[in-house]
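Structural features, examined
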Amino acid sequence: MLPIFQKLKSYVLMASMFIILLFCYVFCAVEGAEQEIPGKINLGSSLFPTSQPTSWFSPSGRFAFGFYQQGSGFAVGIWLVGKSNRTVVWTANRNDPPVSASSTISLTEEGKLLYKIGQGGEKLIANNTEAASFASLQDSGNLVLYNAKSEIIWESFKYPTDTILGGQTLFSGAQLVSSSETSHTGRFHLKMQEDGNLVLYPLNTGDTPGDAYWRSSTLGHEFKFYLYLNSSGRLLIVNGTSSKIISTVYGNSLSANDDNSTIYRATLDIDGVLRLYSHRYDESGELKATTEWEALKSPCEVKSFCGFNSYCTYNDDQPVCLCLPGSDFIDPNHRNLGCTRNYTEAACKGGKQNPLHFNITTMENINWGDIPYVQQYMSIEECRNSCLEDCNCGAALFSENTCKKQRLPLRSIRYKRLVEHGEDGLTEELKLRLFSYDELKAATNGFREELGKGSFGAVYKGTLYKRKKLVAVKRLEKLVEEGEREFQAEMRAIGRTHHKNLVRLLGYCAVDSKRLLVYEYMSNGSLANLVFNSSGRPSWNQRIKIAIDVAKGIHYLHEECETPIIHCDIKPQNILMDEFWTAKIADFGLAKLLMPDQTRTFTVVRGTRGYLAPEWHKNTPISVKADIYSYGIVLLEIVCCRKNMELNTLKPEEIVLSTWVYNCFVAGELEKLVIGEEADKKILEKMVMVAMWCIQDEPALRPSMKSVVLMLEGITDVSVPPCPTAPSMEFNSLL
């Protein structure tokens, strides 16, 4: 028995050794796999401007690093690859002039990444102090150098130029600088300040509060805040100490893109506006860009956009730069570089000049951001003569009996030009135009093409500005009997409401009894057409975005307007989609203009049955909470892609949408609402709970619209709602 036992023991030992060896092999293989870097670029690799290889690609081919054409030469950088275009997202040594076709990019045997210029000249691309062993361009667009231990020793993400990409951070104290038409460095910069505030300034100013033209208003004090763009397109300001989100510049937690097919970038553009873009590849492989968000609606809001001695105004809704009288463009081909005086200064004696040598041109509605060197109380004539006699005075601003004298050059000039039909006193700054009836009749080709018809009246398709701009013209009916002056006052109030989720009012007509409104044209129709379309429904992520868009628009009407507006008729038919599928609320502010008996069903009720809050039936005062109820119903329709009332359904328990949804919620069967869809269960539950809070019978139980936005964006939690009781009453009233 002993030999057999010894033999068995030997087998056990051999098996143990085999297991240990196998474990070591697997472990070493896994460890080696962890060290494997996709798209590895080895030492000794080179790139050339005009011969292969000209660039190194990321593993997926989305990004490339190498030479790209700039003027008659070449620059070195990283770009997003399109079939027929490129979007540059990072540039090496951007202040240097373009290099020639004889240049070379090399990852040298000594571990340096550089480019060689002509005969013997070299320029470092990466300032790594430790020698690199290899490099990699990642699918995030980050160019990375590694040492022998596969540790990162340098990365382009730490040195942004005018762009940050998804997954990239703009750290405290760092900045983005815009590009320009003539060279890489432009005239504006975005600073993530040490005090926690994210601010846009013109370059080469004092970066004082008076120089800023946009800010996040986030102050960190002893904390270090940073700007972070995540891979789902959320632009966030984060506390570097606690990693807590301090502020959402753009985006929400519900719009995550799990398929990783969308590329996001935030860029400080050449015009000084910070914008967030999304990029997607279409079926042909072409890269399509969409503007998701912009810090300012117009470059005319950017200080120094037009340079010195020049002001920004509009021509057919397009921003243009014009010189002040007495000056000409520095470069007529680049009019935003400013203007310089076109006359010779006269000699001065004792600080005074001969006023006969000069003249003053008067311009109305001008303002600027300069600090006057003299500010005195006097008449306008005294102000004129004082400036003419003063050697230092290049311009004088007269306002409220005060004369403010300025030296040249002038900066940050703003011009509030009166509209063409200026009798009503509205300004171009509001872009609200008074049209004649004949103009709108011609624009709509005699009101020929009807886009839709509702309780407010019919809407027609039209064109303006030599048929370059599509508009929607609405002929109002059942207006309150009021004078033209009162109607124009109401239009001014509506015209001052500007938000990305409100359909923009461009102008109006008030001639005799005719009342017409001119709106921006919404090319993708109404939300009703979108979600109630039997041939197909919007994707889950699209519906989430639409729900938040609508909530933000209502929040603006309720809490951010000069005068709060109760819409009174929130429904899918009054929510329109623009060319980028952004949801915008239509017909806001018009409730004040309608007769009390706007609908035939209810004598003193405004709105549409199915979306009416219970208080409409109780003869009680109506508040903004009535809109919140309507939004709750719309939110359920967006989630389920069906109408709030389906009398022809085969299942009686599904007739009233809100009742069916609540029963599914209580039973833990919410998946019944989105059969055949890959909807995130937690987000689905959150949206349903928010909707249930919105449609509570008691207005006091409904959340504010600000709370709704915060809950939908995942910033605040949602508690379990009680059972809403209103739908049964609404259903009975319909029967």
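Residues numbered from 1 in each chain as written. Predicted model: local features only at pLDDT ≥ 70, side-chain atom pairs only at ≥ 80, totals over all residues. Heavy atoms only, no water.

Further remarks concern the overall build of the protein chain. Along its length, the protein chain carries 11 helices and 41 strands. A buried classification covers 49% of the 735 residues belonging to the protein chain. Taking contacts inside the protein chain between residues at least 6 apart in sequence as the whole, the part at least 24 apart equals 54%. For the protein chain, the accessible area works out to roughly 36,600 Å², and carbon and sulfur atoms hold 51% of it. (Helix = DSSP H or I, 4+ residues; strand = E, 2+ residues; numbered from the N terminus. Buried < 20%, exposed > 50% of the residue type's maximum accessible area, 1.4 Å probe, protein only. Contact = heavy atoms within 4.5 Å. Areas by Shrake-Rupley, 256 points an atom, 1.4 Å probe, with all protein chains shown as cover.)

Our next topic: the nonpolar core. With 80 residues, the main nonpolar core has W540, Y631 and M687 as its most contacted residues. Considering every element that reaches this core, the biggest residue donor is helix 7 (residues 625-640), with 11 residues. In this view, W540 contacts V639, V674, E677, E678, A679, D680, I683, L684 and M687; residues no more than four positions away in its chain are not counted. Of all hydrophobic cores here, the second largest spans 33 residues; its members include F188, F225, L268 and C312. (Core = buried A, V, L, I, M, F, W, Y, C linked by side-chain atoms within 4.5 Å.)

Glancing now at the pattern of salt bridges. Across all of its chains, the model carries 19 salt bridges by this definition. Between D271 and R275 there is a salt bridge whose closest N-O contact spans 2.9 Å. Note on D271: relative accessible area 13%, which makes it buried. R543 is the salt-bridge partner of E677, the closest N and O atoms lying 2.8 Å from each other. Remark: R543 occurs in helix 6 (residues 540-560) and E677 occurs in the loop between helix 8 (657-667) and helix 9 (681-694); sequence separation between them is 134 residues. Residue class for E677 comes out partly exposed when judged on its relative accessible area of 23%. Residue R543 is classed as buried on the basis of its relative accessible area of 1%. (Salt bridge = Lys/Arg side-chain N within 4 Å of Asp/Glu carboxyl O.)

The next subject is the sheet that holds strand 21 (residues 245-250). As summarised here, the arrangement of the 4 strands in space is 14-19-20-21, forming an open sheet in which the pairing is antiparallel. Each end of this open sheet is capped by a strand with a single partner; those strands are strand 14 (168-170) and strand 21. Ignoring which end each strand starts from, the neighbouring axes of this sheet average 25° apart. Pairing of strand 19 (residues 225-229) with strand 20 (residues 235-239), which is carried by 5 bridges, proceeds in the antiparallel orientation. (Pairing = 2+ DSSP bridges. Axes fitted to C-alpha atoms, helices over the stretch in contact; angles between N-to-C directions.)

In terms of residue burial, strand 20 counts as a mostly covered element, since 5 of its 5 residues are buried. Residues of strand 20 alternate between two faces, with L235, I237 and N239 on one and L236 and V238 on the opposite face, all of them buried. The antiparallel pairing of strand 19 with strand 20 creates a hairpin that spans 5 residues between the two strands, and G233 there sits at a positive phi of about 90°. Between strand 20 and strand 21, which pair antiparallel one after the other, the connecting turn spans 5 residues, and S243 there sits at a positive phi close to 65°.

The next subject is the sheet that holds strand 13 (residues 163-165). What the 4 strands build is an open sheet, ordered 13-22-23-24; its pairing is antiparallel. At either end of the open sheet lies a strand with only one pairing partner, and these are strand 13 and strand 24 (287-294). Strand-to-strand twist of the sheet, defined as the mean angle between neighbouring strand axes without regard to direction, takes the value 25°. Direction of pairing for strand 13 relative to strand 22 (residues 263-268): antiparallel, over a ladder of 3 bridges. In the strand pairing of strand 22, L165 is matched with R265.

Quick look at the side chain of N147 now. By the element assignment, N147 lies in the loop between strand 11 (143-146) and strand 12 (152-155). Take N147: its relative accessible area is 4%, and that puts it in the buried class. A polar side-chain atom of N147 sits 3.2 Å from a polar atom in the side chain of E130. Of the polar contacts made by the side chain of N147, one reaches the backbone nitrogen of E151; its length is 2.9 Å. (Polar contact = N/O pair within 3.5 Å; in protein donor to acceptor, adjacent residues only side chain to side chain.)

Another point: the state of the cysteines. Under the defined criterion, the tally for this structure stands at 5 disulfides. With its sulfur 2.1 Å from that of its partner, C306 forms a disulfide with C321. The sign of the S-S torsion, about -80°, decides the handedness of the disulfide formed by C306 and C321: left-handed. You can see C306 sitting in the loop between strand 24 and strand 25 (310-315) and its partner C321 sitting in strand 26 (residues 318-323), a full 15 residues away along the chain. Accessibility classification places C306 together with C321 in one group, the buried group. (Disulfide = S-S within 2.5 Å.)

A separate point is the packing of helix 6 against helix 10 (residues 705-712). Helix 10 packs onto helix 6 with a crossing angle of 155° between their chain directions and a minimal axis gap of 8 Å. In terms of orientation, helix 6 and helix 10 fall into the roughly antiparallel class. Crossing angle aside, the handedness with which helix 6 passes helix 10 is left-handed. Along its contact with helix 6, which presents A547, I548, A551, K552, I554, H555, H558 and E559, the element helix 10 presents M705, K706, V708, V709 and L712. (Parallel < 35°, antiparallel > 145°, perpendicular 65-115°, else oblique. Left-handed = near helix turned anticlockwise from the far one by under 90°.)

Between helix 9 and helix 10, whose axes approach to 10 Å, the crossing angle comes to 170°. Classified by the interaxial angle, the pair formed by helix 9 and helix 10 is roughly antiparallel. Across from K686, M687, V690 and C694 in helix 9, the residues of helix 10 making contact are V708, M711 and L712. Within the contact of helix 9 with helix 10, the residues separate by chemical class into 6 nonpolar, no polar and 1 charged. (Nonpolar A, V, L, I, M, F, W, Y, C, P; charged D, E, K, R; others polar.)

With that settled, the discussion passes to the environment of C664. Tracing the backbone shows C664 in helix 8. Not counting residues within four places of it along the chain, the set of residues in contact with C664 comprises E669, L670, K672 and L673.

Bringing the packing of aromatic side chains into the picture now. Aromatic rings in a pair are described by how distant their centres are and how their planes are angled relative to each other. Taken as a whole and assessed by the stated rule, the structure comprises 11 aromatic pairs. Geometrically, the ring pair formed by W154 and Y159 is stacked, given 5.8 Å between the ring centres and 10° between the ring planes. You can call W154 buried: its relative accessible area is 5%. Between Y437 and F447, the ring centres sit 5.8 Å apart and the planes meet at 35°, which makes this aromatic pair tilted. (Phe/Tyr/Trp six-rings, centres within 6.5 Å; stacked < 30°, edge-to-face > 60°.)

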